Amino acid sequence: MKIYLSTILFILLPLIVQAEQLEIELTIPSLEVDPYHRPYVALWLETTDRQGIQTIAIWHEKNDWLKDLRQWWRKAGRKNPHAYDAVTGPTRKPGHYKIQWNSTNDQGNIPEGEYFLCLEAAREAGGRDFLRQKITLGNGVSQTYTLNGNIEFGTINIAIHP
């Protein structure tokens, strides 16, 4: 029995898709405004036909204001409010931050293919930024991207490692 099991594992092991690692480094710039409110931030993954499939991170203070992250709220937030509990954190002051994600969801690895990585920031009595970057998961190739925000985001660096 042990021989059969190890043989099956040996055959199937190369077929198991390994999760890719995403590193998102983002900057929240310091703004000279009064009063200053820290921005709410959402990062999520969408299919190429713009269906939200995985929330990666949400930074917020009060649930009542999550709907101000308009793009994320329409795509993922209002459909399943319990789906983002595990990736929720407080708002952040201006600075540089790193978010890591292993390209998995509750069911396991995200299927290989093309997706949009979406980033949105909204600030009370302030501005709003929405950025999207097309990425490919599961192709075993390292990828790097740099995006520049308009108001609420500074530079965003995205790295995908097999």
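The paragraphs below set out a description of the structure included in this document. (Residues numbered from 1 in each chain as written. Predicted model: local features only at pLDDT ≥ 70, side-chain atom pairs only at ≥ 80, totals over all residues. Heavy atoms only, no water.)

Observations concerning helix α2 (residues 70-77)
Here's step 1: Buried within α2 we find Trp-72, Lys-75, Ala-76 and Gly-77. One side of α2 holds all its buried residues, which, seen down the axis, span an arc of 140°.
Here's step 2: Of the surrounding elements, those touching the buried residues of α2 are β2 (40-47), β3 (52-59) and β8 (113-122). (Buried < 20%, exposed > 50% of the residue type's maximum accessible area, 1.4 Å probe, protein only. Helix = DSSP H or I, 4+ residues; strand = E, 2+ residues; numbered from the N terminus. Arc of directions from axis to C-beta. Contact = heavy atoms within 4.5 Å.)

Details of the sheet that holds strand β5 (residues 95-101)
Here's step 1: Spatial ordering of the open sheet is given by β5-β1-β11-β10, a layout of four strands whose pairing is antiparallel. Of all strands in the sheet, those bounded by a partner on one side alone are β5 and β10 (143-148). On average, each strand axis in the sheet is tilted by 15° relative to the strand beside it, whichever way the strands run.
Here's step 2: For strand β1 (residues 21-28) and strand β11 (residues 155-161), the ladder comprises six bridges, and the chain directions are antiparallel. Note on β11: the bridge partner recorded for Leu-26 is Ile-156. (Pairing = 2+ DSSP bridges. Axes fitted to C-alpha atoms, helices over the stretch in contact; angles between N-to-C directions.)

Structural notes on the packing of aromatic side chains
Here's step 1: Applying the stated rule across the entire model yields three aromatic pairs.
Here's step 2: An angle of 55° between the planes, with centres 6.0 Å apart, marks the rings of Trp-72 and Trp-73 as tilted.
Here's step 3: Taking relative accessible area as the criterion, Trp-72 reaches 0% and is therefore assigned buried.
Here's step 4: Over the ring of Trp-59 we find Arg-92; its NZ or CZ atom is 4.1 Å from the centre of that ring.
Here's step 5: Note that Arg-132 overlies the ring of Phe-116, its terminal NZ or CZ placed 4.0 Å from the centroid. (Phe/Tyr/Trp six-rings, centres within 6.5 Å; stacked < 30°, edge-to-face > 60°. Lys NZ or Arg CZ within 6 Å of the ring centre and 35° of its normal.)

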